[in-house]
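Residues per chain are reported as follows:
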Amino acid sequence: GEVLAGMFRPGNAGANCAADHVVVLDAALDQLPAAWQVGHFPGDDPAVATKSLVVRTDSAGASHWFAEECRARNIGFTLGYWIDGRVRDALVLVQEDDWKPARDAGGRVRDGAQVVEITDHLNLQGWPAGTRLIVRRERPHPGAQLSLFDTIEGLRHTAFITDTPGPDLAALDLRHRRRGRAEQIIRDTKACGLDRLPFDGAADNDRWMQLTYTANDLLCWARRISLT
């Protein structure tokens, strides 16, 4: 995958800084082809947006501010969410029959994994209208970290919020889990030099970071034109 934008930040910067996320979002939009930008700037009429965009993040991106900024740009969102006390209490109200089978990338039912929507079981006030909360449970893979709540059933729970409508929870879950591709892009850019910043000054290291993104994109395009 290609890198659209990145921000060089201090080492003590918080992962969930919504202001930084908004800056990177706008920088990423600026890198898209013109046809994909139409209707996706703050205040644009959604009727003029000919291309549909969705932002995916882990739980660090789940802030009211960032979700509202996505909505202001007519961009959908699917953001990782925390399994906090409210979510755990809501899951207690879920009936076993409410859980639906999850699917893998090939569209097949994924053995040992189910999804459920708990939007009606807790208060999502403060999030944009239409925000939904979906939880996935699955048998943990070896080495997976479990919370105390997970150990009750021996299943690992993860959650995300999205403003995408529709009854197919498995498809929404699969779309969100594909955000994992971003982790591979991070590994690729680190291999291109992002994990070693050679300069003393932040400005030079920022340029180095941009060069690692360029190197990653060149490798991405080399694979695209030479491999089937």
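To start, this report covers the structure provided alongside it. Note that this is a predicted model, so its numbers are computed, not measured.

What follows deals with unusual backbone geometry. Phi at Asn 74 takes a positive value of approximately 60°, unusual for a residue other than glycine. Note on placement: Asn 74 falls in the loop between α3 (64-72) and β2 (76-81).

With that out of the way, let us pick up the packing of helix α1 (residues 18-31) against α3. For any two helices packed against each other, the geometry comes down to the angle between their axes and how far apart the axes lie. In the contact formed by α1 and α3, the axes pass within 8 Å of each other and the chain directions differ by 25°. The pairing of α1 with α3 is recorded here as roughly parallel in orientation. Considering only the axes of α1 and α3, their crossing is right-handed. Between α1, through Ala 18, Ala 19, His 21, Val 22 and Leu 25, and α3, the contact on the second element is made entirely by Trp 65, Phe 66, Glu 69 and Cys 70.

Attention now goes to the pairing of strand β1 (residues 54-57). Covered by surrounding structure in β1 are Val 55 and Thr 57 only, the residues Val 54 and Arg 56 on the alternate face being uncovered. Of the pairings in the sheet, the one linking β1 to β2 comprises four bridges and is parallel in character. Across the sheet, Thr 57 pairs through a bridge with Leu 79, a residue of β2. Crossover β1 to β2 through α3 is right-handed.

This next bit is on the nonpolar core. In globular proteins that are soluble, nonpolar side chains generally tend to be buried together. By size, the foremost hydrophobic cluster in this structure holds 29 residues, and its most contacted members are Val 87, Leu 91, Ile 118, Leu 133 and Val 135. Secondary structure elements with two or more residues in this core: α1, α3, β2, α4 (85-92), β5 (132-138) and β6 (156-162). In this structure, Ala 102, Val 115, Phe 160 and Leu 172 belong to the second largest nonpolar core, which totals seven residues.

Conventions we followed
Residues numbered from 1 in each chain as written. Predicted model: local features only at pLDDT ≥ 70, side-chain atom pairs only at ≥ 80, totals over all residues. Heavy atoms only, no water. Helix = DSSP H or I, 4+ residues; strand = E, 2+ residues; numbered from the N terminus. Axes fitted to C-alpha atoms, helices over the stretch in contact; angles between N-to-C directions. Parallel < 35°, antiparallel > 145°, perpendicular 65-115°, else oblique. Left-handed = near helix turned anticlockwise from the far one by under 90°. Contact = heavy atoms within 4.5 Å. Buried < 20%, exposed > 50% of the residue type's maximum accessible area, 1.4 Å probe, protein only. Pairing = 2+ DSSP bridges. Right-handed = clockwise from strand over helix to strand, strands pointing away. Core = buried A, V, L, I, M, F, W, Y, C linked by side-chain atoms within 4.5 Å.

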